[in-house]
Amino acid sequence: MFRGRTGGVERDLRDRSVRSGIASAYNSIMIRSAFALTLAIIAFNLVAANQVANASDTDSGTSGSAIVREMNLARQNPAQYASYVEDMRGQFNGNLLVRPGRVALRTKEGVKAVDEAIRYLRSASPRPALAFSPGMSRAAADHCAAQAGGGMSHKAGGNTGSRISRYGTFSGSWGENISCGKQSAREIVIALIVDDGLRSRKHRDNIFSTNFSVAGAATGPHTQYRTICSMAFAGGYAERGQTETLVARN
């Protein structure tokens, strides 16, 4: 009996030891799983945050919507926008535009064109905002793609009217701006407002024209200038599949 009881105690102790080991292993697995889950959640949040940041950077850089917003900033508050042009003025050395970390750019008019643009902005009346058009932006993207291999022409891939007609119906007049070698929406818009070397300042006129109420824009790679931007303007525009003409809301 005693031996039997002793054997029973030994078996009970072994059973308890096994159960204790299983419980410890289970707890260890649960802790590791919880830790792994925590790491996964942290990683997911970091990736999501990074994606949002990247999307924000893209949108505030050279996306079509960012470029139209930048033009609207100049249109709606030209006096304030003059201060951004003044900041660039200090980067001139004669006719050379010298920007930190960038290759110096030789201009035709130097600070003379910059000063003229500042005077224009200081005296200009605010204009209504341009409505952003996805269809016209696709047309602008087509225009950029047609010039990716080099050159710069308003006739590349057809004229503006034919391009924007692919994605909707325009009304009133239309216009187009091209800019090359710029790295941000502000840099693009300032360059076109200054309009160095073009005495008529036609690019500036397009940006501030009251004949236009809708615009689209796009950027793309360029073998000669690294980047190219195309902007399309129209008096009105109905996106394909829609009957209402776009009105400014941004």
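Note that the structure is predicted; figures quoted are calculated from it, not measured.

1. Quick word on the overall build of the chain
Piece 1. When helices and strands are counted, the chain shows eight helices and seven strands.
Piece 2. Buried residues in the chain amount to 37% of all 250 residues.
Piece 3. Of the contacts made within the chain by residues no fewer than 6 positions apart, 69% connect residues no fewer than 24 positions apart.
Piece 4. Total accessible area on the chain stands at roughly 14100 Å², and carbon and sulfur atoms take up 57% of it.

2. Remarks on the packing of helix 2 (residues 64-76) against helix 3 (residues 78-89)
Piece 1. Put simply, helix 2 and helix 3 touch, their axes get as near as 5 Å, and they point 115° apart. Of the residues in helix 3, those touching helix 2 at E70, L73, A74, R75 and Q76 are P78, Q80, Y81 and Y84.

3. Let's talk about the sheet that holds strand 1 (residues 92-93)
Each strand in a sheet pairs with another by means of backbone hydrogen bonds, the pair being arranged parallel or else antiparallel.
Piece 1. Read across the open sheet, the three strands follow the order 1-2-3; overall the sheet is antiparallel. Edge strands, defined here as strands with exactly one partner in the open sheet, are strand 1 and strand 3 (105-106).
Piece 2. The pairing of strand 1 with strand 2 (residues 96-97) spans two bridges and is classified as antiparallel. What sits directly across from F92, in strand 2, is L97.

4. Quick notes on the nonpolar core
Piece 1. Of all hydrophobic cores here, the largest spans 33 residues; its most connected members are M71, Y81, I193 and M231.
Piece 2. A per-element tally of this core places helix 7 (residues 185-194) first, with seven residues.
Piece 3. Setting aside chain neighbours within four positions, we find Y81 in contact with E70, L73, A74, L121, R186, V189, I190 and I193.

5. Side note on the packing of aromatic side chains
Piece 1. Under the defined criterion, the tally for this structure stands at three aromatic pairs.
Piece 2. Ring centres of Y81 and Y84 lie 5.1 Å apart, and the angle between their planes is 85°; on these two criteria the pair is classed as edge-to-face. Of this pair, Y81 and Y84 both sit in helix 3, three residues apart, which is roughly one turn of the helix. An identical accessibility class is assigned to Y81 and Y84; each is buried.
Piece 3. Measuring from centroid to centroid gives 5.4 Å for F212 and F233, while their planes differ by 25°, and the two rings are stacked. Taken together, the positions of F212 in the loop between helix 8 (202-208) and strand 6 (214-222) and F233 in strand 7 (residues 226-239) put the pair 21 residues apart, joining distant regions of the chain.

6. Focus on the packing of helix 3 against helix 4 (residues 111-123)
Piece 1. Across the interface, helix 3 lies against helix 4 with an axial gap of 8 Å and an inter-helix angle of 165°. Compared by their axis directions, helix 3 and helix 4 come out roughly antiparallel. Here the hand of the crossing between helix 3 and helix 4 comes out left-handed. Of the residues in helix 4, those in contact with P78, A79, Y81, A82, S83, V85, E86, M88 and R89 of helix 3 are V111, V114, D115, I118, L121 and R122.
Piece 2. Looking at the contact of helix 3 with helix 4 residue by residue, the class counts come to ten nonpolar, one polar and four charged.

Criteria and cut-off values
- Residues numbered from 1 in each chain as written.
- Predicted model: local features only at pLDDT ≥ 70, side-chain atom pairs only at ≥ 80, totals over all residues.
- Heavy atoms only, no water.
- Helix = DSSP H or I, 4+ residues; strand = E, 2+ residues; numbered from the N terminus.
- Buried < 20%, exposed > 50% of the residue type's maximum accessible area, 1.4 Å probe, protein only.
- Contact = heavy atoms within 4.5 Å.
- Areas by Shrake-Rupley, 256 points an atom, 1.4 Å probe, with all protein chains shown as cover.
- Axes fitted to C-alpha atoms, helices over the stretch in contact; angles between N-to-C directions.
- Pairing = 2+ DSSP bridges.
- Core = buried A, V, L, I, M, F, W, Y, C linked by side-chain atoms within 4.5 Å.
- Phe/Tyr/Trp six-rings, centres within 6.5 Å; stacked < 30°, edge-to-face > 60°.
- Parallel < 35°, antiparallel > 145°, perpendicular 65-115°, else oblique.
- Left-handed = near helix turned anticlockwise from the far one by under 90°.
- Nonpolar A, V, L, I, M, F, W, Y, C, P; charged D, E, K, R; others polar.

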